[in-house]
Amino acid sequence: MELRHLEHFLAVAETGSFTRAAERVHVVQSALSVSVRALEADLGAQLFHRSTRRVELTEAGTVLLGEARRTLEAARAAREAVAAVNDGMRGTIRVGIMHALPGIDLAAPLAQFLAERPLVQIKPTTNSAGSRDLVQAVADNRLDLALAAMPGAHPAEVEAIALYHEPIMLACPPNHPLAGRRQVRLADLVGRPFLDVPEGWGSRMSVDCLFTAHGLTRTIIVEVADVATVCELVRAGLGLALLAPSSAPADQRQLLVPVRPHATFTVSLVLPRHRTLSAAATAFADRIRATYGPAPRPADATG
């Protein structure tokens, strides 16, 4: 078994296609197929169910997936450790980030970190499915770390260090009966039309958890994967929205109405719990922690 065999296997498993996997690892498809078959022969097991439309992992392939990721990560960390001794810290850091980072100015610590360590590359990744998938990517070793908003329980494979909190507030159309109030009760929002981001996004999960905790439901008529667009649709009169003030356009923040009880939007640094990061990733995580966290716990959002 060679590391390239595991790399080729992982590419097929993550793309679900030999064609896309070959493009990802920069080899011809025939060579990739030979590599995967050599790995299957070495292990004595079929790793993929192959069809004309898609490629899926077998039970043996599913078992190998996590081990392959850990093995390749260990090899990468070993190379980077030796390189750090020879000529300074280097390597690539895979960082997951949300489409918006309320309360977090990532540019400043990022620029300073890269200026101090010119041999390090940082590869930021967003996910249209939101924080839920970013957190799972850290758990699965597809990302080294992430800045995400994940209320409630996290996967056992990760730990979350809260960096920033803010109360989620209500956005109303300008002439709506709730606009301009000092505050509104959560129960007053039942039965009203809402606009929101998709279910895997942090603010959506926080609000859904709050409504569930109080035995309430709300009606979501439109989902949009962009907070600025949600705000524009609210201004147009399509409905209400519950969002983190820092993610709203600056000219609309002062118009947001407090809600009692309120959900809390929390940005956290998400790290693997049982996996050792590379020296570069560890240094970057330490820089983020030193700059922003941990944040003090917010007041009870359910009271």
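First things first, this report covers the structure right here in the doc.

Thresholds applied
Residues numbered from 1 in each chain as written. Predicted model: local features only at pLDDT ≥ 70, side-chain atom pairs only at ≥ 80, totals over all residues. Heavy atoms only, no water. Axes fitted to C-alpha atoms, helices over the stretch in contact; angles between N-to-C directions. Helix = DSSP H or I, 4+ residues; strand = E, 2+ residues; numbered from the N terminus. Parallel < 35°, antiparallel > 145°, perpendicular 65-115°, else oblique. Contact = heavy atoms within 4.5 Å. Nonpolar A, V, L, I, M, F, W, Y, C, P; charged D, E, K, R; others polar. Buried < 20%, exposed > 50% of the residue type's maximum accessible area, 1.4 Å probe, protein only. Core = buried A, V, L, I, M, F, W, Y, C linked by side-chain atoms within 4.5 Å. Pairing = 2+ DSSP bridges. Phe/Tyr/Trp six-rings, centres within 6.5 Å; stacked < 30°, edge-to-face > 60°. Lys NZ or Arg CZ within 6 Å of the ring centre and 35° of its normal. Salt bridge = Lys/Arg side-chain N within 4 Å of Asp/Glu carboxyl O.

Relative to each other, helix 1 (residues 3-15) and helix 3 (residues 29-43) sit at 110 degrees, their axes nearing to 9 Å. One finds that helix 1 runs roughly perpendicular with respect to helix 3. On the side of helix 1, the interface is formed by Arg4, His5, Leu6, His8, Phe9 and Val12, while helix 3 contributes Leu32, Ser35, Val36, Ala38 and Leu39. Considering only residue class, the contact of helix 1 with helix 3 consists of seven nonpolar, three polar and one charged.

What follows deals with helix 6 (residues 131-139). Regarding helix 6, the residues found buried are Ser131, Leu134, Val135, Ala137, Val138 and Ala139. Turning to helix 6, the residues buried within the fold contact strand 3 (91-97), strand 4 (120-125), strand 5 (145-148), strand 6 (158-167), helix 7 (202-213) and strand 13 (264-272). Just past helix 6, the residue Asn141 takes up positive phi, approximately 70 degrees.

Here we come to the nonpolar core. Counting 55 residues, the largest nonpolar core has Ile93, Leu170, Leu189, Leu242, Leu269 and Phe284 as the members making the most contacts within it. Where this core is concerned, the elements lending two or more residues are strand 3, strand 4, helix 6, strand 5, strand 6, helix 7, strand 13 and helix 10 (279-292). By residue number, the principal contributor to this core is helix 10, which donates six residues.

As summarised here, the arrangement of the five strands in space is 4-3-5-13-6, forming an open sheet in which the pairing is mixed. Here the strands that pair on one side only, and so sit at the sheet edges, are strand 4 and strand 6. Shown here is a sheet whose adjacent strand axes are inclined to one another by a mean of 20 degrees, direction ignored. Two strands pair when backbone bridges link them, and strand 3 and strand 4 are joined in this way by six bridges, in the parallel orientation. Paired with Arg94 across the strands is Lys123, a residue of strand 4. Set on the sheet, helix 5 (residues 107-116) makes contact with strand 3 and strand 4; between it and strand 4 the angle comes to about 150 degrees.

We now examine the packing of aromatic side chains. According to the stated counting rule, one finds three aromatic pairs in the structure shown. With 5.2 Å between their ring centres and 70 degrees between their planes, Phe113 and Phe284 make a pair best called edge-to-face. In this pair, Phe113 sits in helix 5 while Phe284 sits in helix 10, placing the two residues 171 residues apart along the sequence. Pair check on accessibility: Phe113 and Phe284 agree, each one buried. Members of the aromatic cluster, connected to one another through ring pairs, are Phe9, Phe18 and Phe48. Above the plane of the ring of Phe194 lies Arg218, whose end atom (NZ or CZ) is 5.2 Å from the centre. Sitting above the plane of the Phe211 ring, Arg218 keeps its charged end 5.6 Å from the centroid.

Turning next to the pairing of strand 13. Across the nine residues of strand 13, nine count as buried, placing the element largely inside the fold. Both faces of strand 13 are covered, namely the face carrying Thr264, Thr266, Ser268, Val270 and Pro272 and the face carrying Phe265, Val267, Leu269 and Leu271. Where strand 6 lies against strand 13, nine bridges are found, and the strand directions are antiparallel. Residue pairing in the sheet places Glu159 in a bridge with Leu271 of strand 13.

Moving on, we get to the pattern of salt bridges. Within the structure shown, the criterion is met by 20 salt bridges. With a closest N to O distance of 2.8 Å, Arg94 and Asp144 form a salt bridge. Taken as a pair, Arg94 in strand 3 and Asp144 in the loop between helix 6 and strand 5 lie far apart in primary sequence, 50 residues in all. We classify Arg94 as buried; its relative accessible area is 18%. The exposure class of Asp144 is buried, given its relative accessible area of 0%. The partner of Asp140 in a salt bridge is Arg142, with the nearest N and O atoms 3.3 Å apart. Residue classification places Asp140 among the partly exposed residues on the basis of a relative accessible area of 24%. We classify Arg142 as partly exposed; its relative accessible area is 34%. It is possible to trace a salt-bridge network through shared partners that takes in Asp196, Glu199, Arg204, Asp208, Arg218 and Glu223.

Next up on the list: the environment of Val55. Looking at the element boundaries, Val55 is found in strand 2 (residues 55-57). Residues Val55 and Ala45, ten residues apart in the sequence, show an inter-C-alpha distance of 16 Å. The residues contacting Val55, other than those within four sequence positions of it, are Val12, Gly16, Ser17, Phe18, Phe48 and His49.

This part takes up the pairing of strand 5. For a regular strand, side-chain orientation follows a simple rule: the groups alternate between the two sheet faces. Side chains Leu145 and Leu147 of strand 5 all project onto a buried face; the interleaved residues Ala146 and Ala148 project onto the opposite face, where all are buried too. Bridge count for strand 3 against strand 5 is three bridges, and the pairing is parallel. Opposite Ile97, over in strand 5, you have Leu147 as the bridge partner. As defined by bridge partners, strand 5 adjoins strand 13 across three bridges and the pair is classed as antiparallel. When the sheet's bridge partners are listed, Ala148 is paired in strand 13 with Ser268.

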